[in-house]
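Next come the chains, spelled out residue by residue.
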Amino acid sequence: QVQLVESGGGLVQAGGSLRLSCAASGLPFTNYAMGWFRQAPGKEREFVAANTASGLITNYADSVKARFTISRDNAKNTVYLQMNSLKFEDTAVYYCAAGRSLSIFRTNGDGISYWGKGTLLTVSS
């Protein structure tokens, strides 16, 4: 059974930093691109960041470029999202996702193979 378990969410002040983690199990981790989506209250789910199975190629939404960094540790089957200079508008539930290719992540989630249950980030202004 495939599981993607997010952790690291919480309450942080604007301008602060936080790191999300996603531990994967039950899937061949190095066969999957991994990434993050988020959904703010009353808004549609949106792509945040993703990287290839090797971790060498990354892709970011324009809204988080230069502030967020995605990385992965294939030995630990874990993907991370380091978030710096957080803004109030980053408040959302963040979902970890696994997909067969990086391009799938830019389709707003259609075609994603597996989803985590999400972790809430609240940024206070």
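Everything below is about the structure printed above this text.
Residues numbered from 1 in each chain as written. Predicted model: local features only at pLDDT ≥ 70, side-chain atom pairs only at ≥ 80, totals over all residues. Heavy atoms only, no water.

Student: I keep staring at the state of the cysteines and nothing clicks. Help me out?
Tutor: By definition, a disulfide links the sulfur atoms of two cysteines through a covalent bond. Per the stated rule, a full pass over the model turns up 1 disulfide. A sulfur-sulfur separation of 2.1 Å characterises the disulfide bridge that pairs cysteine 22 with cysteine 96. Disulfide cysteine 22-cysteine 96: the torsion about the S-S bond is -80 degrees, which places it as left-handed. Of this pair, cysteine 22 sits in strand β3 (residues 18-25) while cysteine 96 is found in strand β9 (residues 92-99), placing the two residues 74 residues apart along the sequence. In this structure, cysteine 22 and cysteine 96 share a single accessibility class: buried. (Disulfide = S-S within 2.5 Å. Helix = DSSP H or I, 4+ residues; strand = E, 2+ residues; numbered from the N terminus. Buried < 20%, exposed > 50% of the residue type's maximum accessible area, 1.4 Å probe, protein only.)

Student: Could you clarify how one ought to interpret the sheet that holds strand β1 (residues 3-7) in this entry?
Tutor: In space, the 4 strands of this open sheet follow the order β1-β3-β8-β7, with antiparallel pairing throughout. Strand pairing shows two members of the sheet lacking a second neighbour, β1 and β7 (68-73), which therefore form its edges. For this sheet, the mean angle separating the axes of adjacent strands, direction not counted, is 15 degrees. As defined by bridge partners, β7 adjoins strand β8 (residues 78-83) across 6 bridges and the pair is classed as antiparallel. (Pairing = 2+ DSSP bridges. Axes fitted to C-alpha atoms, helices over the stretch in contact; angles between N-to-C directions.)

Student: Hey, could you run me through the nonpolar core in this one?
Tutor: The tendency in soluble globular proteins is for nonpolar side chains to be buried as a group. Ranked by size, the top nonpolar core spans 37 residues in total, and within it Met34, Trp36, Leu81 and Tyr94 carry the most contacts. Looking at this core, the elements that each hand over two or more residues are β3, β4 (33-39), β5 (46-51), β7, β8, β9 and β11 (119-124). The element that contributes the greatest number of residues to this core is β9, accounting for 5 residues. (Core = buried A, V, L, I, M, F, W, Y, C linked by side-chain atoms within 4.5 Å.)

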